[in-house]
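Structural description and commentary
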Amino acid sequence: MRQILITIMINAFLHAQVPDNYDDYDLAKEKVKPIKQNSLSVLFDKTAPTILSMKVKTDNIEHQWATTGDLVTIFCEASETVHDIRMVVLEKEIEIKRMNAREFIANYLIVDDDPDGLLPFNVSFKDSAGNALENYEITTDGSSVTVDRTKPDAYTTGIMTPVGGNALPNVWNSTNNSMEAVIPVPNDTTLIGGVATFFAKIGSGEWEMLGTSHPLDANDLDSLKKVVLTEDMVEAVSGFDNGLTIEFRSSLVDKVGNETIGEMSESKIIIDQTLPTLSRIDVESTNLFPSVAKVGDTVKIKFIADEPIEQTDQFFSKFCLAYLLNIVFNLSCIYSTLEPNVPLN
């Protein structure tokens, strides 16, 4: 009977390096010195494979955060050629894609019923000798993914206030040059790095974004954030015309992308950019001769407007000054807000 001798190379005894992949096995075998020509050399490997690199990120703008619809990518590099790879996310095994003998990736899509919080995952595999690495879950670069599908708290859009010129509540007139918009921001740290956005519509029109979104920072939390909307933004709303009403609402989006659309503002802004027309202007003084005045006399001006006029001291003072060619002595104005064609008493 022909005798077969087996030489076993054991790393611990012969201080040989354990090969990393199949190619390295060929080199290791060449170093084994069989006793006879017909002897068989066996490479003995009882060292479990390890992870050289494991990283995780998402396609969210915040790569360490995820919400519904975001794709999570896990990258792994093993210390040697591996097989029987098993990747588990949230206790669900997912498909892996090999890049080469030692590197592979896995993708996981966040869905509606995934819980908020740190995303758990682990990987298991075996090397060519059957040594196993089980349920490894520590990234080598400290990366992690936090799932946040919670939207900002519900809220109602704040007051909208016309600014500039003869500013009046709930009226957009020809002298206004901007709109102050208010949005209540809750005390939610995920809103830091998020945005606030304002929308408007007229009648049955579609909601339209006013300008661009406004970044949120730590100072905005738990406060009434004020934003200035320009004249161009307001007057660019589809259907903008005299006599119509503009409605407003807003939205809050946190840094992960969760959005809450606020309830409509109670402010409903009426568009009135038509200048009033004055008629039947009567001027008289308290002088014995009403058509003349001296120092100490009071000049009275009466007129009729084609629409109700809001009383503002600034407006009527300027009107009287202009009408009297800047000759003002103890000047007072008596005005009428009667409807058109109603005679003065």
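The following refers to the structure shown. Keep in mind the model is a prediction, meaning the values are calculated, not measured.

Moving on, we get to the overall build of the chain. Looking only at helices and strands, the chain has four helices and 25 strands in total. Classification of the 345 residues of the chain by burial places 36% in the buried group. Relative to all contacts within the chain whose residues are 6 or more apart in sequence, the contacts with residues 24 or more apart total 66%. Put simply, the chain shows about 20200 Å² of open surface, and 53% of that area lies on carbon and sulfur atoms.

We now examine the packing of aromatic side chains. Within this structure, the stated rule accounts for one aromatic pair. Consider the rings of Phe104 and Phe125, whose centres lie 6.2 Å apart with planes at 80°: the pair is edge-to-face. Here Phe104, found in strand S9 (residues 103-109), pairs with Phe125, found in strand S11 (residues 121-127); they are 21 residues apart in sequence, far enough to count as distant. The aromatic ring of Trp207 is capped on one face by Lys201, whose charged end is 5.4 Å from the ring centroid.

Next up on the list: the sheet that holds strand S6 (residues 82-89). In space, the four strands of this open sheet follow the order S7-S6-S11-S12, with antiparallel pairing throughout. Both outer strands of the open sheet, strand S7 (92-94) and strand S12 (132-136), are each paired with one neighbouring strand and no more. Ignoring strand direction, the axes of neighbouring strands in this sheet form an average angle of 20°.

Moving on: the environment of Gly257. Positionally, Gly257 belongs in the loop between strand S21 (245-253) and strand S22 (259-261). With a relative accessible area of 41%, Gly257 lands in the partly exposed category.

The next thing to look at is the side chain of Ser285. For Ser285, the position within the fold is in strand S24 (residues 278-285). The contacts of Ser285, once residues within four sequence positions are left out, are Pro290, Val292, Ala293, Thr298 and Val299.

Bringing the pattern of salt bridges into the picture now. Evaluation of the coordinates by the stated rule reveals six salt bridges. Arg102 is the salt-bridge partner of Glu77, the closest N and O atoms lying 3.8 Å from each other. Of this pair, Glu77 sits in strand S5 (residues 71-78) while Arg102 sits in the loop between strand S8 (96-98) and S9, and the two are 25 residues apart along the sequence. Relative accessible area serves as the criterion here: at 24%, Arg102 is assigned to the partly exposed category. A salt bridge links Lys92 to Asp114, with the nearest nitrogen and oxygen atoms 3.6 Å apart. Highlighted residues: Lys92 in strand S7 and Asp114 in the loop between S9 and strand S10 (117-118), separated in sequence by 22 residues. Judged by its relative accessible area of 2%, Asp114 falls in the buried class. Through salt bridges with shared partners, one network takes in Lys201, Glu247 and Lys268.

This part is about a nonpolar patch on the surface. Among the surface-exposed residues, Leu288, Phe289 and Val292 lie close enough to one another that they form a single nonpolar patch of about 350 Å² accessible area. Looking at the element boundaries, Leu288 is found in the loop between S24 and strand S25 (299-305). According to the relative accessible area criterion, Leu288 is exposed, its value standing at 74%.

In this model, Asn170 sits at a positive phi of 65°, which is unusual for a non-glycine residue. Summarising the element assignment, Asn170 is placed in the loop between strand S14 (160-163) and strand S15 (171-172). According to the relative accessible area criterion, Asn170 is partly exposed, its value standing at 36%. For Asp222, which is not glycine, the phi torsion reads 55° and is therefore positive. Here Asp222 shows up in the loop between strand S19 (214-215) and strand S20 (223-230). Asp222 sits in the exposed class, given a relative accessible area of 60%.

Let us now look at the pairing of S6. In terms of strand pairing, S6 meets S11 through six bridges, oriented antiparallel. Directly across from Val88, in S11, lies its bridge partner Asn122. Note: S6 against S7, three bridges, orientation antiparallel. Its bridge partner being in S7, Val89 is matched across the sheet by Lys92. What sits between the antiparallel neighbours S6 and S7 is a turn of two residues, in which Leu90 has the positive phi angle 50°.

What follows deals with the environment of Leu224. If you trace the backbone, Leu224 turns up in strand S20. Residue Leu224 is classed as exposed on the basis of its relative accessible area of 58%. Considering only alpha carbons, one finds Leu224 and Ile183, 41 residues apart in sequence, at a separation of 5.6 Å. Residues in contact with Leu224, not counting those within four places in the same chain, are Val182, Ile183 and Pro184.

To continue, consider the environment of Leu118. In this structure, Leu118 sits in strand S10. Leu118 gets classed as exposed once you look at its relative accessible area, which sits at 60%. Separated by 28 residues in the primary sequence, Leu118 and Thr146 place their C-alpha atoms 4.3 Å from one another.

About the criteria used
- Residues numbered from 1 in each chain as written.
- Predicted model: local features only at pLDDT ≥ 70, side-chain atom pairs only at ≥ 80, totals over all residues.
- Heavy atoms only, no water.
- Helix = DSSP H or I, 4+ residues; strand = E, 2+ residues; numbered from the N terminus.
- Buried < 20%, exposed > 50% of the residue type's maximum accessible area, 1.4 Å probe, protein only.
- Contact = heavy atoms within 4.5 Å.
- Areas by Shrake-Rupley, 256 points an atom, 1.4 Å probe, with all protein chains shown as cover.
- Phe/Tyr/Trp six-rings, centres within 6.5 Å; stacked < 30°, edge-to-face > 60°.
- Lys NZ or Arg CZ within 6 Å of the ring centre and 35° of its normal.
- Pairing = 2+ DSSP bridges.
- Axes fitted to C-alpha atoms, helices over the stretch in contact; angles between N-to-C directions.
- Salt bridge = Lys/Arg side-chain N within 4 Å of Asp/Glu carboxyl O.
- Patch = residues over 30% accessible without salt bridge, like charges linked within 9 Å, V, L, I, M, F, W, Y side chains within 5 Å.

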